Amino acid sequence: MAATFGTINTATSPHNPNKSFEIAQPPNDSISSLSFSPKANYLVATSWDNQVRCWEVLQTGASMPKAAMSHDQPVLCSTWKDDGTAVFSAGCDKQAKMWPLLTGGQPVTVAMHDAPIKEIAWIPEMNLLATGSWDKTIKYWDTRQSNPVHTQQLPERCFALSVRHPLMVVGTADRNLIIFNLQNPQIHQTFATAGSDGAFNFWDKDSKQRLKAMARSNQPIPCSTFNSDGSLYAYAVSYDWSKGAENHNPSTAKHYILLHVPQESEIKGKPRVTTSGRK
């Protein structure tokens, strides 16, 4: 039976200084990715404990567990199919799985690499799955076929990947940033950044201004995501391995998934001011 397990933090705590809604029973190890369904407020989290978990998130901040499945090794990334019927996940077992969780189907392997898969993206305009790996390749997959339709060589291991068709931005080791043009622009004006400093910020792309500086958590924020209409922002507070295994104690480490409700003042763009002071 699904139980409600979202909680509202009314008191400030070191991991949650912004008093965000908190999902209880989070993963038992570092959280590697968060993905909202494009069709409903279903939130998926992947973790170093080999698990992929899904919750239904209500606008009140309450949450209900929907389902879970596992990989053989730590899971590093996730994304949804554009129709909201399936989740793709991948990680250290060098394979990507498609999980039709809304219909109760079993996960099936749809992609393989020669090294762990760090990033994954569904590209609905092309009906293809893109996987970025530490084997220094991006592969594009038709999920009905066992072989990739195209393999793109990278100069180094893939560490980050984001797609807004027609553009794909890839970050690799050795500080490479590569932009691939895939075809028809879609531009979002406001975006969020989060990182090892424990802070998340909202930015206006056009004015190049930070719209809101949020209070810092006492741990890194390794991943975050907006829901489909931008009314909820989910972020993880968890060790991100940036300081290596010697700074991580699994027996005492705490991991949290928090939900922030963006206010208009936090995400609405500001008029750009020129050097002459005129708008």
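Residues numbered from 1 in each chain as written. Predicted model: local features only at pLDDT ≥ 70, side-chain atom pairs only at ≥ 80, totals over all residues. Heavy atoms only, no water.

### A short note on a nonpolar patch on the surface
Line of reasoning, step 1. A surface patch of nonpolar side chains, about 370 Å² in accessible area, is lined by Leu167, Val169, Leu177 and Ile179.
Line of reasoning, step 2. Assignment of secondary structure puts isoleucine 179 in strand E17 (residues 176-181).
Line of reasoning, step 3. Its relative accessible area of 58% is what places isoleucine 179 among the exposed residues. (Patch = residues over 30% accessible without salt bridge, like charges linked within 9 Å, V, L, I, M, F, W, Y side chains within 5 Å. Areas by Shrake-Rupley, 256 points an atom, 1.4 Å probe, with all protein chains shown as cover. Salt bridge = Lys/Arg side-chain N within 4 Å of Asp/Glu carboxyl O. Helix = DSSP H or I, 4+ residues; strand = E, 2+ residues; numbered from the N terminus. Buried < 20%, exposed > 50% of the residue type's maximum accessible area, 1.4 Å probe, protein only.)

### A word on the confidence of the model for the protein
Line of reasoning, step 1. Looking at the protein, pLDDT values average 85 and 89% of them are 70 or higher.
Line of reasoning, step 2. Least confident of the elements in the protein is strand E1 (residues 6-8), whose mean pLDDT is 48; most confident is strand E8 (residues 87-91), at 98.
Line of reasoning, step 3. Between residues 1-10, whose pLDDT stays under 50, and residues either more than four places distant or in other chains, the model counts 29 contacts.
Line of reasoning, step 4. Within the model, the stretch residues 184-188 combines pLDDT values under 50 with eleven contacts to residues more than four positions away or in other chains. (pLDDT = per-residue confidence, 0-100. Contact = heavy atoms within 4.5 Å.)

### Things to note about the pairing of E8
Line of reasoning, step 1. Counting buried positions along E8 yields five of five residues, so the element is predominantly enclosed.
Line of reasoning, step 2. Here E8 shows a buried face lined by Val87, Ser89 and Gly91 and a second buried face lined by Phe88 and Ala90.
Line of reasoning, step 3. Alignment of strand E7 (residues 75-80) against E8, held across five bridges, turns out to be antiparallel. Within the sheet, the bridge partner assigned to cysteine 77 lies in E8 and is alanine 90.
Line of reasoning, step 4. Between E7 and E8, which pair antiparallel one after the other, the connecting turn spans six residues, and glycine 84 there sits at a positive phi close to 75°.
Line of reasoning, step 5. Two elements, E8 and strand E9 (residues 95-99), share four bridges in a ladder whose sense is antiparallel. Residue pairing in the sheet places serine 89 in a bridge with lysine 97 of E9.
Line of reasoning, step 6. The hairpin formed by E8 and E9 contains three residues between the paired strands, and lysine 94 there has a positive phi angle of roughly 70°. (Pairing = 2+ DSSP bridges.)

### A look at the pattern of salt bridges
Line of reasoning, step 1. One pass over the structure, following the stated rule, counts five salt bridges.
Line of reasoning, step 2. Arginine 53 is paired through a salt bridge with aspartate 49; the nearest N and O atoms lie 3.0 Å apart.
Line of reasoning, step 3. The closest approach of N and O atoms between glutamate 119 and lysine 118, which form a salt bridge, is 3.0 Å.
Line of reasoning, step 4. On the accessibility criterion, glutamate 119 (16% relative accessible area) is buried.

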